[in-house]
Amino acid sequence: MSEYNEINAILVFDRENSVAELLKQSLPNASHLIRFVSNEQEGLQMLEEESNKLHLVISDNLEFLRKTKKISASLLLLTGFEEKKNVMHLLNDGIDDYLKKPLSPSEISHTLRKALDRYLLEHKNHKLTSELEEIKIKTQKNAESQKQQQAVLNSISSLGAKLKALREMKGFSFRELKAKTGISVAHLFLLENNKVRNPSPNMLKNIANAYGISFHSLMKAAGYLEEIPNPDADHNKLEKIDAELMDIVKSIEDFSTDEIKELQNYIKFLRQKKQWK
């Protein structure tokens, strides 16, 4: 049974001491893991001290096994019962399996293999369930955190303050942001302090990509665009606008500062013209 490398310890409390040698023969590669106790008090003490290490408990004392049900180990009863109804009663009482006396090496080996397989399967299932629960909790926390961050960002109208809040939320240094955007540290600092008038849309696009946010939100904060009334409800519309903005940015990448200013003035004129209608 060298395949059971994950087994830490097996506790055996056999008042008749009838199973010790047979167990050692059945588990030649794991005999050093077997803990033999001679009385119930000694067994209970070991349960208390090594409950996290015990993977299998074997005993001919049913009351002792009942006291071990609070730990996760498989429970194996040594019994002289021959009637099936008595055996079924034991299994319904929380005992995982049984060994019928008189014992035979082949029966011990087969039953132990089943008990250890059952424990390992339950242990793996429990571990996977715990991992899935941790992922679920982490996902929920991330979703809540993103909502909180978005609420904070939505409340900030200044481009500089929004950029600073984004960098702090992401935990980026100026140098890290420079590596992601290709924008100098000095220029990033000026952007966050609202010292750059009419920042390049292409620059805003790179920053939006680095932060994984909507390009539209930065274009709005920079004064290029109007706000969408309900970004959450208009998610598809927002994605379409971002794609269209990318096309626009590509067409004006070579514009000078004055040309961008003229474009902004024209956009304002179109907005006013729309309001006059």
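Our structure's up above, just so we're on the same page.
Here the structure is a predicted model, which is why all the values come from computation and not from measurement.

## What to know about the sheet that holds strand 2 (residues 34-37)
The five strands lie next to each other as 2-1-3-4-5, forming an open sheet whose pairing is parallel. Each edge of the open sheet is held by one strand with a lone partner, namely strand 2 and strand 5 (97-100). The mean angle between the axes of side-by-side strands here comes to 20°, regardless of whether they run parallel or antiparallel. Pairing of strand 1 (residues 9-13) with strand 3 (residues 54-59) involves five bridges; the strand directions are parallel. Note on strand 3: the bridge partner recorded for Leu-11 is Val-57. Against the sheet, helix 2 (residues 40-50) makes contact with strand 1, strand 2 and strand 3, and its axis sits at roughly 145° relative to strand 2, the strand it touches most. Its contacts with the sheet put helix 5 (residues 105-154) on strand 3, strand 4 (74-79) and strand 5, and the angle it makes with strand 5 is roughly 170°.

## Concerning empty space enclosed by the protein
Summed over the entire model, instances satisfying the criterion amount to two cavities of 30 Å³ or more. Space inside the second largest cavity adds up to approximately 40 Å³. Listed by contribution, the elements that provide at least two residues to the lining of the second largest cavity are helix 8 (185-192) and helix 9 (201-211). Of the residues that constitute the lining of the second largest cavity, the class distribution is six nonpolar, no polar and one charged.

## Some points on the pairing of strand 1
Every other side chain in a regular strand lies on the same face of the sheet, so the side chains alternate between the two faces. Burial runs high along strand 1: five of the five residues are buried. Residue alternation in strand 1 divides its side chains into two sets, Ala-9, Leu-11 and Phe-13 and Ile-10 and Val-12, and both sets are buried. Where strand 1 and strand 2 come together, four bridges link them in parallel fashion. Directly across from Ile-10, in strand 2, lies its bridge partner Ile-34.

## Some remarks on the environment of Leu-99
Relative to the helices and strands, Leu-99 is located in strand 5. The class of Leu-99 is buried, set by a relative accessible area of 0%. With 23 residues separating them in the primary sequence, Leu-99 and Leu-76 have C-alpha atoms 7.2 Å apart.

## Considerations on the nonpolar core
Counting 25 residues, the largest nonpolar core has Leu-159, Leu-188, Leu-191, Leu-204, Ile-207 and Leu-218 as the members making the most contacts within it. Listed by contribution, the elements that provide at least two residues to this core are helix 6 (159-170), helix 7 (174-181), helix 8, helix 9 and helix 10 (215-221). Those residues in contact with Leu-204, other than ones at most four positions away along the chain, are Leu-159, Pro-199, Phe-215, Leu-218, Met-219, Ala-222 and Tyr-224. Counting residues in each nonpolar core, the second largest holds 16 residues, with Leu-22, Ile-34, Leu-103 and Leu-112 among its members.

## Describing the pattern of salt bridges
In total, this model carries four salt bridges according to the counting rule given. In this structure, Glu-63 and Arg-66 form a salt bridge, with 2.4 Å as the shortest nitrogen-oxygen distance. With a gap of three residues between them, Glu-63 and Arg-66 both fall in helix 3 (residues 62-67), about one helical turn apart. Residue class for Arg-66 comes out partly exposed when judged on its relative accessible area of 29%. Taking the shortest distance from any N to any O, the salt bridge between Lys-114 and Asp-97 comes out at 3.3 Å. Placement of Lys-114 in helix 5 and of Asp-97 in strand 5 is noted, with a sequence separation of 17 residues between them. A relative accessible area of 37% means that Lys-114 is categorised as partly exposed. Of the residues examined, Asp-97 reaches a relative accessible area of 9% and is grouped as buried.

## Notes on unusual backbone geometry
Of note in the backbone geometry, Asn-194 takes a positive phi value of approximately 55° without being a glycine. Tracing the backbone shows Asn-194 in the loop between helix 8 and helix 9. In this structure Asn-194 comes out as partly exposed when scored by relative accessible area, which is 45%. The backbone phi angle of Asn-198 is positive, close to 55°, even though this residue is not glycine. As for its position among the elements, Asn-198 is in the loop between helix 8 and helix 9. Given the relative accessible area of 18%, Asn-198 is considered buried.

## A closer look at the packing of aromatic side chains
Following the criterion strictly, the structure yields three aromatic pairs and no others. Ring geometry for Phe-172 and Tyr-211: centres 5.9 Å apart, planes at 15°, overall stacked. Taken together, the residues Phe-172 in the loop between helix 6 and helix 7 and Tyr-211 in helix 9 connect sequence positions 39 residues apart. Of the two residues examined, Phe-172 and Tyr-211, each falls in the buried class. Centre to centre, the rings of Phe-174 and Phe-189 are 6.2 Å apart; their planes meet at 65°, and the pair counts as edge-to-face. One end of the pair, Phe-174, is in helix 7; the other, Phe-189, is in helix 8, and 15 residues separate them in sequence.

Definitions and limits used
- Each chain carries its own residue numbering, running from 1 in the written order of its sequence.
- Per-residue local features of the predicted model are confined to residues with pLDDT of at least 70, and side-chain atom pairs are confined, for both listing and counting, to 80 or more; whole-chain, interface and lining totals are unaffected and use all residues.
- Note that the side-chain values use all heavy atoms of the structure and ignore hydrogens as well as water.
- Note: two strands are recorded as paired if DSSP finds a minimum of 2 bridges between them.
- We count a stretch as a helix when DSSP gives it H or I for four or more residues in a row; a strand needs E for two or more, and each element gets its number in order from the N terminus.
- Helix axes use the C-alpha atoms of the stretch in contact, all axes being lines fitted to C-alpha atoms, and the angles between their N-to-C directions lie in the range 0 to 180 degrees.
- Contacts: residue pairs with any heavy atoms within 4.5 Å of one another.
- For cavity detection a 1 Å grid was placed over the protein atoms alone, and a set of points counts as a cavity when a 1.4 Å probe fits there but cannot get out; an open set counts as a pocket when protein lies on both sides within 12 Å along at least five of seven lines, with lining residues being those that have an atom within 4 Å of a point.
- Grid points are joined across faces, edges and corners, and a volume is the space filled by probe spheres set on the points.
- Residues were grouped as follows: Ala, Val, Leu, Ile, Met, Phe, Trp, Tyr, Cys and Pro as nonpolar; Asp, Glu, Lys and Arg as charged; and all remaining residues, including Gly, as polar.
- Burial classification: accessible surface area is computed with a 1.4 Å probe over protein chains only, and a residue below 20% of its type maximum counts as buried, one above 50% as exposed, and the rest as partly exposed.
- Nonpolar cores are built from buried Ala, Val, Leu, Ile, Met, Phe, Trp, Tyr and Cys residues. Side-chain atoms within 4.5 Å join them into one set.
- We define a salt bridge as a side-chain nitrogen of Lys or Arg found within 4 Å of a carboxyl oxygen belonging to Asp or Glu.
- Planes of paired rings set the category: under 30 degrees apart is stacked, over 60 is edge-to-face and the rest tilted, where pairs are Phe, Tyr or Trp rings (Trp by its six-membered ring) whose centres lie within 6.5 Å.

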